[in-house]
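Summary of structural features
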Amino acid sequence: MGEILRHAEVFQNTVEKTASVRPEEEYTYMELGNFLTDVSQFRDPFAHMLAKRTIWKRARNSNWFLSVLSAIPIIGILADVILDVADVDEWLNQLMGEHDPASKRYGKLAEYFEKAILGITHVIFANDIPKKEALRPLLPPEFRTIEPIPAAEVDRIYRRFFTQYYPHEHTDYPPYVISGEARVHSRMYRRGQRGVIQFVEEYLQFLSEDLSKLELAWKEKRGLSKT
């Protein structure tokens, strides 16, 4: 899970510089998008399915009897039947989701996080929260200066942009090579001519392209406001 408060600091520093050029923008939307990108990891079905595998592994490692029986094919099947493992597996599927695209990718855990994060998002960003000013001192300092926006806008942005975790939305290791020796020897994980790791160079290109699109959109909006 990313550091939400560190991301908020990045937002504050960015706005401090950008607002000196364009003070009339509603920068709350920038921070809302930044916030949702960070908490998207709560809704990542891939992470939940990996958690299911981890749960099974830890269960077998903590129970030597189950671990030994599971290693013997025929007895392992009998052990699964005796211990109702199939029922547990189905329960975990409902909780964590399933990898089959035809199945339900988001389990009950993801649904819970979706509702829980929506509530937290409203407390931070919505302007119609009862006793908002009383709650503000309880928020981390990084969130106390945010200008609230209508709750309907929070819902609209949330439904559109609270998606699962995507590596390209973060400057994380890209999925070229997962781990091990292959990563060490991969060109994408070596330093380039500027001393920056190659996959970061690729991210810099993505950021440059997106910032250029943003600059163009701002210019078009400024032109429309003058007509």
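Further up the page is the structure itself.
Residues numbered from 1 in each chain as written. Predicted model: local features only at pLDDT ≥ 70, side-chain atom pairs only at ≥ 80, totals over all residues. Heavy atoms only, no water.

Description of the overall build of the chain
A count of helical and extended segments in the chain gives 11 helices and 0 strands. For the chain, with 227 residues in total, the buried portion stands at 29%. Considering only contacts in the chain between residues 6 or more positions apart, those separated by 24 or more positions represent 58%. Within the structure as shown, the chain displays about 15500 Å² of accessible surface, and the carbon and sulfur contribution to it stands at 60%. (Helix = DSSP H or I, 4+ residues; strand = E, 2+ residues; numbered from the N terminus. Buried < 20%, exposed > 50% of the residue type's maximum accessible area, 1.4 Å probe, protein only. Contact = heavy atoms within 4.5 Å. Areas by Shrake-Rupley, 256 points an atom, 1.4 Å probe, with all protein chains shown as cover.)

What to know about the packing of aromatic side chains
Pairs of aromatic rings are described using the distance from one ring centre to the other and the angle between the two planes. Evaluated as defined, the whole model comprises 7 aromatic pairs. Arranged with centres 5.6 Å apart and planes meeting at 55 degrees, the rings of Tyr112 and Phe113 form a pair that is tilted. Taken together, the ring pairs in this structure connect Phe35, Phe125 and Phe143 into an aromatic cluster. Residue placement shows Arg43 over the ring face of Tyr106; its charged tip is 4.1 Å from the ring centre. One Lys or Arg, Arg160, reaches over the ring of Phe161 and ends 4.6 Å from the middle of that ring. (Phe/Tyr/Trp six-rings, centres within 6.5 Å; stacked < 30°, edge-to-face > 60°. Lys NZ or Arg CZ within 6 Å of the ring centre and 35° of its normal.)

Thoughts on the side chain of Asp44
If you trace the backbone, Asp44 turns up in the loop between α2 (28-39) and α3 (45-62). Setting aside chain neighbours within four positions, we find Asp44 in contact with Gln164 and Tyr165.

Structural notes on the pattern of salt bridges
The full count for this structure, using the stated rule, is 8 salt bridges. Of the charged contacts in the structure, one is a salt bridge between Arg22 and Glu24, with a shortest N-O distance of 3.1 Å. Its relative accessible area of 7% is what places Arg22 among the buried residues. Here Glu111 and Lys108 are joined by a salt bridge, their closest N and O atoms 3.9 Å apart. Of this pair, Glu111 and Lys108 both sit in helix α7 (residues 108-125), 3 residues apart, roughly one helical turn. A relative accessible area of 48% places Lys108 in the partly exposed class. (Salt bridge = Lys/Arg side-chain N within 4 Å of Asp/Glu carboxyl O.)

Details of the environment of Ala47
Position of Ala47 relative to the elements: it lies in helix α3. Taking the relative accessible area as the measure of exposure, Ala47 reaches 31% and is therefore partly exposed. Separated by 117 residues in sequence, Ala47 and Gln164 have C-alpha atoms that sit 9.7 Å apart.

A look at the packing of α2 against α7
In the contact formed by α2 and α7, the axes pass within 12 Å of each other and the chain directions differ by 155 degrees. Between α2 and α7, the crossing angle belongs to the class labelled roughly antiparallel. Here the hand of the crossing between α2 and α7 comes out right-handed. Counted together, Thr28, Glu31, Leu32, Phe35, Leu36 and Val39 of α2 and Ile117, Ile120, Thr121, Ile124 and Phe125 of α7 form the full contact between these two elements. (Axes fitted to C-alpha atoms, helices over the stretch in contact; angles between N-to-C directions. Parallel < 35°, antiparallel > 145°, perpendicular 65-115°, else oblique. Left-handed = near helix turned anticlockwise from the far one by under 90°.)

Focus: α2
Along an α-helix, residues three or four apart share an orientation, since each turn contains 3.6 residues. Counted at 1.5 Å a residue, the expected span for α2 with its 12 residues is 16 Å, and the 16 Å between its end C-alpha atoms agrees. Every buried residue of α2 is accounted for by Thr28, Glu31, Leu32, Phe35, Leu36, Asp38 and Val39. Looking down the long axis of α2, one finds its buried residues gathered within 160 degrees of arc, a one-sided arrangement. Of the surrounding elements, those touching the buried residues of α2 are α1 (4-18), α7 and α9 (151-161). (Expected span 1.5 Å × (residues − 1). Arc of directions from axis to C-beta.)

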